[in-house]
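Structural characterization, general
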Number of protein chains: 2
Amino acid sequence: MPPPFIVSFAAGSTGEWQVHDISTIVGDGLKRMPRLAVTTGEASLPAGGWVLRGVVSHARYTTASELKDLAAVQAGLGRPEATCAALIPIRKSEAWWSMAQDERRAIFEDRSRHIALSMKYLPAIARRLHHARDLGEPFDFLTWFEFAPEHETAFDALLAELRASEEWRHVEREVEIRLRRH
Amino acid sequence: MPPPFIVSFAAGSTGEWQVHDISTIVGDGLKRMPRLAVTTGEASLPAGGWVLRGVVSHARYTTASELKDLAAVQAGLGRPEATCAALIPIRKSEAWWSMAQDERRAIFEDRSRHIALSMKYLPAIARRLHHARDLGEPFDFLTWFEFAPEHETAFDALLAELRASEEWRHVEREVEIRLRRH
């Protein structure tokens with residue numbers, strides 16, 4: 001399916017993914033529910049749970065050269081061995097969004113190396129970005145990661161690298177939800 | 001109100017703006033209705049008419065230097081003398097959206113001079129861009145323009161310049177709706 005398309009992440013008592021851990025990194029957290037269902041399109045709100053929505057859309061910062069390098073190494077979602085996943089919703093500051101495109105790009109890649117450092121973890125860590133800000137959602141981005149259990153340490157290292165970057169100083173809300181499927 | 005916020009353009013029998021003319025530039029047109037209501041937030045569908053929605057959001061291509069130059073000369077919406085308006089919904093091709101950020105920026109400004117040529121018409125022509133693609137709308141952008149009657153010729157010239165640009169080769173649907181208020 002070509003972008004743009006909506007994806008809903010519904011936390012409740014059903015869904016393919018079992019919630020293994022949920023941590024609030026900064027700002028308000030999200031209620032822990034036993035399972036997460038990932039659906040293309042809109043999803044109804046599970047009783048007592050929550051739904052976050054985002055749009056898979058076009059690349060906003062990536063250059064043609066970077067897209068080519070990424071395409072050569074990245075893996076898709078749904079690999080049978082990728083039984084671990086993470087959903088990381090983040091919201092950035094108003095100051096971030098009021099910056100111009102070149103200022104945001106300079107922080108994102110020239111100074112934080114977001115793409116370059118993520119590249120080291122490919123193809124082990126598969127990733128899909130969902131844009132939520134323009135939908136009026138409580139988060140700006142929902143990033144979904146999938147990986148095999150033996151790459152969990154690498155995934156932890158990727159998160160540590162990103163969170164230590166200048167870009168992350170502009171993150172004012174972040175929740176980390178770790179998931180498993182069997 | 002800080003972005004992002006939704007704006008609805010509802011064409012029907014009510015609304016502050018009277019539809020003066022509607023032209024299909026390329027692709028499918030839109031039904032002519034007598035009036036247009038512009039509302040912040042969601043609007044209900046007028047009987048027999050249509051509603052288009054878009055989000056006022058952050059700048060996607062503009063550099064810090066360009067934002068500064070624009071801020072120094074641009075006018076806001078709602079000037080009493082600006083009794084003419086235009087709503088121009090456009091959709092770009094899949095090929096456009098599959099390009100990387102640097103490729104789109106190169107066409108948009110380096111080769112098409114979208115910002116530079118628009119700047120010549122400031123502050124006479126006030127403008128607000130609404131992003132619609134990620135909302136699942138039939139158009140990618142809804143651009144709203146306001147100007148005084150004596151600047152209509154300048155507005156026509158701006159449209160002619162933009163439509164002659166390389167960027168416009170990627171426009172696959174465009175409708176032009178001219179409006180008046182008293």
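Cut-off values and rules
Residues numbered from 1 in each chain as written. Chains lettered and ligands numbered in written order. Predicted model: local features only at pLDDT ≥ 70, side-chain atom pairs only at ≥ 80, totals over all residues. Heavy atoms only, no water. Salt bridge = Lys/Arg side-chain N within 4 Å of Asp/Glu carboxyl O. Helix = DSSP H or I, 4+ residues; strand = E, 2+ residues; numbered from the N terminus. Phe/Tyr/Trp six-rings, centres within 6.5 Å; stacked < 30°, edge-to-face > 60°. Buried < 20%, exposed > 50% of the residue type's maximum accessible area, 1.4 Å probe, protein only. Least-squares fit on C-alpha atoms with pLDDT ≥ 70 in both. pLDDT = per-residue confidence, 0-100. Expected span 1.5 Å × (residues − 1). Arc of directions from axis to C-beta. Contact = heavy atoms within 4.5 Å. Buried area = accessible area lost by both parts, 1.4 Å probe. Polar contact = N/O pair within 3.5 Å; in protein donor to acceptor, adjacent residues only side chain to side chain.

Considerations on the pattern of salt bridges
- The final tally for this structure, using the stated rule, is 36 salt bridges over all chains.
- A salt bridge links E16 of chain A to R181 of chain A; its shortest N-O distance comes to 3.0 Å. With E16 of chain A in the loop between β1 (5-12) and β2 (17-26) and R181 of chain A in the segment after β8 (171-180), this residue pair connects regions lying 165 residues apart in the sequence.
- Between E42 of chain B and R53 of chain B there is a salt bridge, with its nearest N and O atoms 2.8 Å apart. Remark: R53 of chain B occurs in strand β4 (residues 50-56) and E42 of chain B occurs in the loop between β3 (35-40) and β4; sequence separation between them is 11 residues.

Looking at the packing of aromatic side chains
All names here are of chain A.
- Counted according to the given criterion, the structure contains 12 aromatic pairs over all chains.
- Pairing F9 with W144 gives two aromatic rings, centres 5.7 Å apart and planes at 35 degrees, and the pair type is tilted. Highlighted residues: F9 in strand β1 and W144 in strand β7 (residues 141-147), separated in sequence by 135 residues. Of the two residues examined, F9 and W144, each falls in the buried class.

Topic: the relation of the copies chain B and chain A
- Superposition of chain B onto chain A requires a rotation of 180 degrees combined with a translation of 0.0 Å along the rotation axis, giving an RMSD of 0.0 Å. Such a turn and shift between the copies fits a two-fold axis. Rotation axis and chain B: the residue whose C-alpha lies nearest the axis is L135 of chain B, separated from it by 3.5 Å.

Comments concerning the confidence of the model for chain A
- This prediction gives chain A a mean pLDDT of 97; 100% of its residues lie at or above 70.
- Two summary scores accompany this predicted model of the complex, namely pTM at 0.95 and ipTM at 0.92.

Looking at helix α5 (residues 152-163) of chain A
All names here are of chain A.
- The end-to-end C-alpha distance of α5, which contains 12 residues, comes to 17 Å, matching closely the 16 Å that a straight helix rising 1.5 Å per residue would cover.
- Of all the positions in α5, only F155, L158, L159 and L162 are classed as buried. For α5, the angular spread of buried residues about the axis comes to 95 degrees, placing them on one side.
- In this structure, the buried residues of α5 make contact with β5 (84-92), α4 (114-119), β7 and β8.

A look at unusual backbone geometry
Residue and element names in this part refer to chain A.
- Geometrically, the link from L122 to P123 is a cis peptide bond, its omega value of 0 degrees lying close to zero.
- Note that P123 resides in the loop between α4 and β6 (126-131).
- Even without being a glycine, R113 presents a positive backbone phi close to 55 degrees.
- The residue R113 is located in the loop between α3 (101-111) and α4 in this model.

As for the interface of chain B and chain A
- With 22 residues of chain B at the contact, the number on the chain A side is 22 residues.
- Both sides of the chain B and chain A interface together cover about 1,900 Å² of buried area, and 52% of this is carbon and sulfur.
- When residues of chain B are sorted by the area they lose upon contact with chain A, H58, Q101 and D134 of chain B head the list and together hold 30% of the total.
- Applying the counting criterion to the chain B and chain A interface returns 2 salt bridges.
- Measuring nitrogen to oxygen at the nearest pair gives 2.7 Å for the salt bridge that ties D134 of chain A to R60 of chain B.
- The tally of links from chain B across to chain A stands at 12 residue pairs in polar contact (both at pLDDT 80 or more).
- Elements with a minimum of two residues in the side of chain B that touches chain A: α1 (64-73), α2 (94-97) and α3 (101-111) of chain B.
- Top contributing element to the side of chain B that touches chain A by residue count: α3 of chain B, with 4 residues.

Concerning the environment of V19 of chain B
- When you line up the elements, V19 of chain B lands in strand β2 (residues 17-26).
- Filtering out sequence-adjacent residues up to four positions away, V19 of chain B remains in contact with R32, M33, P34, R35, L36, I177, R178 and L179 of chain B.

Some details on the side chain of R53 of chain B
All names here are of chain B.
- What makes R53 buried here is its relative accessible area of 19%.
- A polar side-chain atom of R53 sits 2.8 Å from a polar atom in the side chain of E42.
- A polar side-chain atom of R53 sits 3.0 Å from a polar atom in the side chain of E137.
- Those residues in contact with R53 that lie beyond four places of it in its chain are I6, V7, S8, E42, A132, L135, E137 and L142.

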